[in-house]
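Geometric and topological summary
Chain by chain, the residues:
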Amino acid sequence: MRDATKIIRSTLSRTVPGEPLSAGPVFAAPYHTPGDSSDTPYTYARSHNPTWTALEKAIGQMESGQFASGESYTASALVFASGMAACAAVFGTVLRPGDVVVLPSNAYYTARNLLQEHFAPIGVTLRMSPTAGNAQAELLEGARLLWIESPSNPGMEICDIALLSEAAHRAGALVAVDNTTPTPLGQLPLALGADFSVASDSKSMTGHSDLLLGHVAVRDPKLHAKIDQWRTLTGAALGPMEAWLALRSIATLPLRLERSCENAQRIAEFLTTRKEVTSVLYPGLPSHPGHELAKQQMRYFGPVLSFVLQDKTAAETFLSRSMLLTDATSFGGVTTTAERRAKWGGDVVPDGFIRMSVGCEAIEDLIEDIAQALDAVR
Ligand SMILES: *Cc1c(COP(=O)(O)O)cnc(C)c1O
């Protein structure tokens, strides 16, 4: 079955005559638990909830696939109250004092910050190098965890996930990929050898800029059990309404991703023709240093691109003159958004650096709007 069919079918409930196609959210804290509590799958909603189960089934199917050898594997997913709760679950279950974690120096700022502020002080050593050029391969000796993000954000650097996973496993480390930007439809970390596929599903996965959630997917049932226990103990529980909205949103992921990635490619190509733009960073451009690798390991190049204008004034003029680019952070929504990245601090980027998340609007309108906003920059 093709992805679009598989994903849409995975969001439906079991066929029962007279029942809705898709069951609604289940609102509960405790469940009826007569007799032995192990007789029921649901006891208390911090541990499990039927709406999570439905969402986890859908995400687990999306994360399942085939290795390069052709051998199939089955993944299971656990949902969390946010992407950061999902990242924290992997850090918290894997890392102990004395352990080494290798991560990209340009990894998602909050994940990096969590390790620096809360894990380094209790004796976890952080080793960092950029995503580009598989630089992390040099740092793996004695490591417990390799954390990867490809494409990196907002620099759009690409690394070879299969190559790094193999090197990490040889060194005795587990591998986690923050797969937020591509989503499992765009890239399958578990098929490339990673042990954990971690994501914020607040972005492209649900795509309407109105939900906060995340997930961790694994192949190994032992890792699943540890992450599950972590979630129950820390209480990083997703609300049933959010879980249900996510399930609805995921059904349109194939449509949204196809359209937004097509639009992003067209905009990236257009930007390279404009003299106001110093550089364009998008893995879909053949001129991008990670293009060939991205073509191998990704099915879509993603809706996010970055580009550089001359300075802060140029970037601010561009954003204020545009009628269709909503000035906002985050990415992956149906609405096209853009921001001057340097205003946040955290990432090392030039003052005129713009990160854009391309939505699903008509491409002609987007390009006309971007062209007139660039005209104003001159
Ligand atoms: C947004 C994001 C996160 C954190 O997710 P939240 O849902 O905001 O907690 C983690 N990693 C990446 C790459 C992200 O873009």
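The structure presented is a predicted model; accordingly, all values stated were derived computationally and were not measured.

Around the ligand, the structure places 14 residues, and the nearest of them are Gly83, Asp178, Ser200, Ser202 and Lys203. Between a nitrogen atom of the ligand and a side-chain N or O atom of Asp178, the distance comes to 2.6 Å. Taking Lys203, its side chain carries an N or O atom lying 2.7 Å from an oxygen atom of the ligand. Burial of the ligand by the protein chains amounts to 93% of its free accessible area of 380 Å².

Turning next to helix α8 (residues 240-250). When α8 is considered as a whole, its buried residues turn out to be Pro240, Ala243, Trp244, Ala246, Leu247, Ser249 and Ile250. Elements that come into contact with the buried residues of α8 comprise α1 (3-10), α2 (50-63) and α9 (253-272).

The subject of this paragraph is the environment of Ser82. If you trace the backbone, Ser82 turns up in the loop between β3 (76-80) and α3 (83-94). Considered as a pair, Ser82 and Ala199 are 117 residues apart in the sequence and their alpha carbons are 8.9 Å apart. Those residues in contact with Ser82 that lie beyond four places of it in its chain are Leu212, Leu213 and Gly214.

To continue, consider the pairing of strand β4 (residues 100-104). A large share of β4 lies buried, amounting to five of its five residues. A two-sided burial pattern is seen for β4, the buried positions comprising Val100, Val102 and Pro104 on one face and Val101 and Leu103 on the other. Inspection of the sheet shows β4 paired to strand β5 (residues 125-129) by five bridges, in the parallel sense. Bridging across to β5, Val100 finds its partner in Thr125. The sheet contact formed by β4 and strand β6 (residues 145-148) spans two bridges and is parallel.

Interfaces are frequently sized by the accessible area removed from exposure as the parts join. Once the domains are mapped, the protein shows domain 1 (3-250) and domain 2 (255-375). Contacts between the two partners involve 33 residues from domain 1, matched on the other side by 27 residues from domain 2. Counting the surface lost from both domain 1 and domain 2, the interface buries some 2300 Å², and carbon and sulfur atoms represent 56% of this. Of all residues in domain 1, Pro154, Met156 and Ile158 give up the largest surface area on contact with domain 2, accounting jointly for 27% of the area buried on that side. In this structure, the connection of domain 1 to domain 2 is made through one salt bridge. The interface formed by domain 1 and domain 2 contains 13 residue pairs in polar contact (both at pLDDT 80 or more). Those elements that provide at least two residues to the side of domain 1 that touches domain 2 are α4 (109-119), α5 (161-170), α6 (183-186) and α8.

Definitions and cut-offs
- Residues numbered from 1 in each chain as written.
- Predicted model: local features only at pLDDT ≥ 70, side-chain atom pairs only at ≥ 80, totals over all residues.
- Heavy atoms only, no water.
- Near = heavy atom within 4 Å.
- Polar contact = N/O pair within 3.5 Å; in protein donor to acceptor, adjacent residues only side chain to side chain.
- Areas by Shrake-Rupley, 256 points an atom, 1.4 Å probe, with all protein chains shown as cover.
- Buried < 20%, exposed > 50% of the residue type's maximum accessible area, 1.4 Å probe, protein only.
- Helix = DSSP H or I, 4+ residues; strand = E, 2+ residues; numbered from the N terminus.
- Contact = heavy atoms within 4.5 Å.
- Pairing = 2+ DSSP bridges.
- Domains from an automatic or database assignment.
- Buried area = accessible area lost by both parts, 1.4 Å probe.
- Salt bridge = Lys/Arg side-chain N within 4 Å of Asp/Glu carboxyl O.

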